[in-house]
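# Observations on the model geometry
Each chain, letter by letter, is given below.
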Amino acid sequence: MTVFGAAAITKFARKHAAARKPLERFLNVARHAAWPHFPAVKQTFPAVDYAGATGSVIFDVGGNKYRVAAKIDFEEQLLYIERVLTHDEYDRENF
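For the structure given in this document, a descriptive report is provided here. (Residues numbered from 1 in each chain as written. Predicted model: local features only at pLDDT ≥ 70, side-chain atom pairs only at ≥ 80, totals over all residues. Heavy atoms only, no water.)

## Some points on the sheet that holds strand 1 (residues 2-4)
The sheet built from five strands is open, its strands ordered 1-5-4-3-2 with mixed pairing. At either margin of the open sheet sits one strand with a lone partner, and together these are strand 1 and strand 2 (49-51). Across the sheet, the axes of successive neighbouring strands diverge by a mean angle of 35°, strand direction being ignored. Relative to strand 3 (residues 56-61), strand 2 runs antiparallel, the two sharing three bridges. Among the inter-strand pairings, Y50 is bridged to a residue of strand 3, identified as V57. Along the sheet, helix 1 (residues 6-15) makes contact with strand 1, strand 4 (66-73) and strand 5 (78-86), crossing strand 5 at roughly 20°. Set on the sheet, helix 2 (residues 20-32) makes contact with strand 1, strand 3, strand 4 and strand 5; between it and strand 3 the angle comes to about 130°. (Pairing = 2+ DSSP bridges. Helix = DSSP H or I, 4+ residues; strand = E, 2+ residues; numbered from the N terminus. Axes fitted to C-alpha atoms, helices over the stretch in contact; angles between N-to-C directions. Contact = heavy atoms within 4.5 Å.)

## Comments concerning the side chain of S56
By the secondary structure assignment, S56 is in strand 3. The exposure class of S56 is buried, given its relative accessible area of 2%. A polar side-chain atom of S56 sits 2.6 Å from a polar atom in the side chain of E82. Those residues in contact with S56 that sit more than four places away from it in its chain are D49, Y50, A51, A70, K71 and E82. (Buried < 20%, exposed > 50% of the residue type's maximum accessible area, 1.4 Å probe, protein only. Polar contact = N/O pair within 3.5 Å; in protein donor to acceptor, adjacent residues only side chain to side chain.)

## Side note on the side chain of T86
Looking at the secondary structure, you find T86 in strand 5. For T86, a relative accessible area of 15% puts it in the buried group. Dropping the residues within four chain positions of it, T86 is found in contact with F12, H16, K65 and Y66.

Structure (structure tokens):
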């Protein structure tokens, strides 16, 4: 996967220092992934959810402490990071 929007992770990690390592691991796994479809993502990240209303994929990162909202183009092997949130921030959003 080619990952776009990694700057959102960097910015988030500046505010939430404990998130840096789990988010770096997430990026490393995503960059080395070759997901042909959503079930393959689910095999890599069992707690991932698909938000049908927005078409976003919501990754649980760092033991359910953080959320990465992204869009995935499976055909082109592109992952677009939209937002990074804490668990509490995610609960207040409408995905």
